[in-house]
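Report on the structure
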Amino acid sequence: SYVMYNESIIPKEEAAISFEDRGYYFGDGIYEVIRVYNGKLFLQEGHLERFQASASKLDLVVPYSPDTMKSLLRRLIDKNGLTTGYIYFQLTRGIQARDHLYERGTAPVLTGFTKTAGVPFAKQTDGIDVYATEDIRWLRCDIKTINLLGNVLAKRAAEDHHCAEALQHRGDVITEGSSTNAFIVKDETIITHPQSNYILEGITKRYVLQLAKQLNIPVEQRPFTIGEAKEADEMFMTSTSVEIVPVRSIQGSFEAGYGHSPVTRELLGEFRREVELFEAG
Ligand code: PMP
C-alpha cells in the first residue's frame, strides 16, 4: 500500500519518520479522518476546515492550500484503489531537537494512509454497550490533536468491560465518547453537548443535526447530565467511521438501558439514504 509523506505518495516500506519528530516526542500534532464511500470523500470540506482550525489553535501552519490538500488526498485514494473506508492524515510540528519550547518556521510533517473499512451494519442494527467513565482529558478537547491519552485509556477501559465504546463525563455532565459524539433523545427531542472546549465538534454530529432539522426533529444543544441520560428514551453515538449507532446499555459509573430507539432509527435511515445517493452521484 501507499502512504502520504508531505507532497509525495510513496510505498509504505519507503516511508521513514524522523527520530526527532515532535509528534513522536510530544504528541505535538493534529489529524483528521475522512470517510470514503465509493472512492469519494464524504463531507471533505468540513474536515479540511476543522483541520485548519485545529492547526491555528496550536500555532501550527498547514503548509499546503486547501486545493493542494484535496489533490493529495485524491491521489492517495486513487493510488490505493480505495472504495469504502477512510483516509487518515496528520500534521506534526516537524523535526526539532527535543525541547518543550518549539521553534516557529520548522517544516511540519504531513503523513497519511488509507484503510478499507465497511459500514458497521451489525452495530447499527443491534446497538452497542458503552462504558461510562470520568473524562480526565485536558481542557482543549475541541482541538483534534494526536495527543489522545485520555481517549485511549477510556477506550481500553470500555473494551475491558466488554463495551464497544466509552462514554466520558466530567462530573455529572456527559461530554462525548472516546472517538464519538453522544446524544440522548427525550420526548422526541434530541439533546447533545454544545460545541465547546469540552468536546470535539464532530463533522458527523453537525451533519446529523442538519438531518434532524430536515426531518423536523427538535434539537437542544446544551450540556446534559447522567440523571438525564438515565431518564432518556434513547441514546446514540456518531462518528465518521460508525455514522450513527444506537446505544443499548450503559455500564460503568452508572447504568441505563434503552429499547427500540425510533428517533435514532429514523435518523440512521435518512443518513443511509443520503450516503447511497452520494455513492451513486
Ligand atoms: N469526538 C472525538 C473525541 C473524536 O475523536 C471523534 C472522531 N474523530 C469524534 C468525536 C467524532 O467526530 P467526527 O464525526 O468528525 O468523526
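Residues numbered from 1 in each chain as written. Predicted model: local features only at pLDDT ≥ 70, side-chain atom pairs only at ≥ 80, totals over all residues.

A closer look at the domain arrangement of the protein chain
Annotation of the protein chain at the domain level lists domain 1 (2-116) and domain 2 (121-280). Placing the centre of domain 1 and that of domain 2 at their C-alpha centroids yields a distance of 26 Å. If you look at the interface, domain 1 gives 22 residues, while domain 2 gives 13 residues. With eight residues, strand β3 (residues 29-37) is the single largest residue contributor to the side of domain 1 that touches domain 2. (Domains from an automatic or database assignment. Contact = placed C-beta atoms within 7 Å. Helix = DSSP H or I, 4+ residues; strand = E, 2+ residues; numbered from the N terminus.)

Some points on the site of the ligand
Around the ligand, 14 residues are found, and the nearest of them are L200, G202, I203, T204 and T240. Contributions of two or more residues to the shell around the ligand are made by α6 (203-214) and β14 (234-239). Here the shell around the ligand gets three residues from one element, more than from any other, and that element is α6. Broken down by class, the residue content of the shell around the ligand amounts to three nonpolar, nine polar and two charged. (Near = placed C-beta within 6 Å. Nonpolar A, V, L, I, M, F, W, Y, C, P; charged D, E, K, R; others polar.)

Digging into the nonpolar core
Formed by 33 residues in total, the largest nonpolar core has its most connected members in V130, L167, M235 and V247. Other than its neighbours up to four places away in sequence, V247 contacts G127, I128, V130, M235, F236, M237 and Y258. Within the second largest apolar cluster, 21 residues are counted, among which are M4, F51, Y86 and F89. (Core = buried A, V, L, I, M, F, W, Y, C linked by C-beta atoms within 7 Å. Buried ≥ 20, exposed ≤ 12 C-beta atoms within 10 Å, placed from the backbone.)

Remarks on the sheet that holds strand β5 (residues 85-92)
The six strands lie next to each other as β2-β1-β6-β5-β3-β4, forming an open sheet whose pairing is antiparallel. The open sheet has two edge strands, β2 (8-11) and β4 (40-41), and neither has a second partner. As paired elements, β3 and β4 share two bridges and run antiparallel to each other. Looking across to β4, one finds that Y37 is bridged to K40. Contacting β1 (2-5), β2, β3, β4, β5 and β6 (109-116), helix α3 (residues 66-80) crosses the sheet at an angle of about 160° to β1. (Pairing = 2+ DSSP bridges. Axes fitted to C-alpha atoms, helices over the stretch in contact; angles between N-to-C directions.)

Topic: the pairing of strand β7 (residues 128-134)
Residues in a regular strand project their side chains so that they alternate between the two faces of the sheet. Within β7, five of the seven residues are buried, leaving the element largely enclosed by the surrounding structure. Inspection of the sheet shows β7 paired to strand β15 (residues 243-252) by five bridges, in the parallel sense. Bridge pairing in β15 places V130 opposite I250. Relative to strand β8 (residues 165-170), β7 runs parallel, the two being bridged by five bridges.

Looking at α6
Taking 1.5 Å per residue, 12 residues should reach 16 Å; α6 reaches 17 Å between its end C-alpha atoms and fits that length. Along α6, the positions that sit buried rather than exposed are I203, T204, K205, V208 and A212. Two residues or fewer past α6, N216 is found with a positive phi of approximately 60°. (Expected span 1.5 Å × (residues − 1).)

Details of the pairing of strand β10 (residues 181-186)
In terms of burial, β10 is a largely internal element, five of the six residues being buried. Here β10 pairs with β14 via five bridges, running antiparallel. Counted as the bridge partner of A182 is M237 from β14. With four bridges joining them, β10 and strand β11 (residues 189-192) adopt antiparallel strand pairing. Each residue of the ladder has a partner; that of K186, found in β11, is T189. With antiparallel pairing between neighbouring strands as the criterion, β10 and β11 make up a hairpin whose turn holds two residues, including D187 at a positive phi of roughly 50°.

With respect to helix α5 (residues 149-160)
Counted at 1.5 Å a residue, the expected span for α5 with its 12 residues is 16 Å, and the 16 Å between its end C-alpha atoms agrees. Of all the positions in α5, only N151, A154, K155 and A158 are classed as buried. Projected down its long axis, α5 carries its buried residues within an arc of 100°, all on one side. Across α5 from its buried face, at more than 90 degrees, point the exposed residues L149 and D160. In this structure, the buried side of α5 is in contact with β7 and β8. Backbone geometry just after α5 places H162 at a positive phi near 60°. (Arc of directions from axis to C-beta.)

Comments concerning unusual backbone geometry
With a phi close to 50°, N6 is a non-glycine residue in the positive phi region. We classify N6 as partly exposed; it has 15 C-beta atoms within 10 Å. Despite not being glycine, S261 has its phi angle at roughly 65°, a positive value. Turning to its location among the elements, S261 is positioned in the loop between β16 (256-257) and α8 (262-280). The class for S261 is partly exposed, based on 19 C-beta atoms found within 10 Å.

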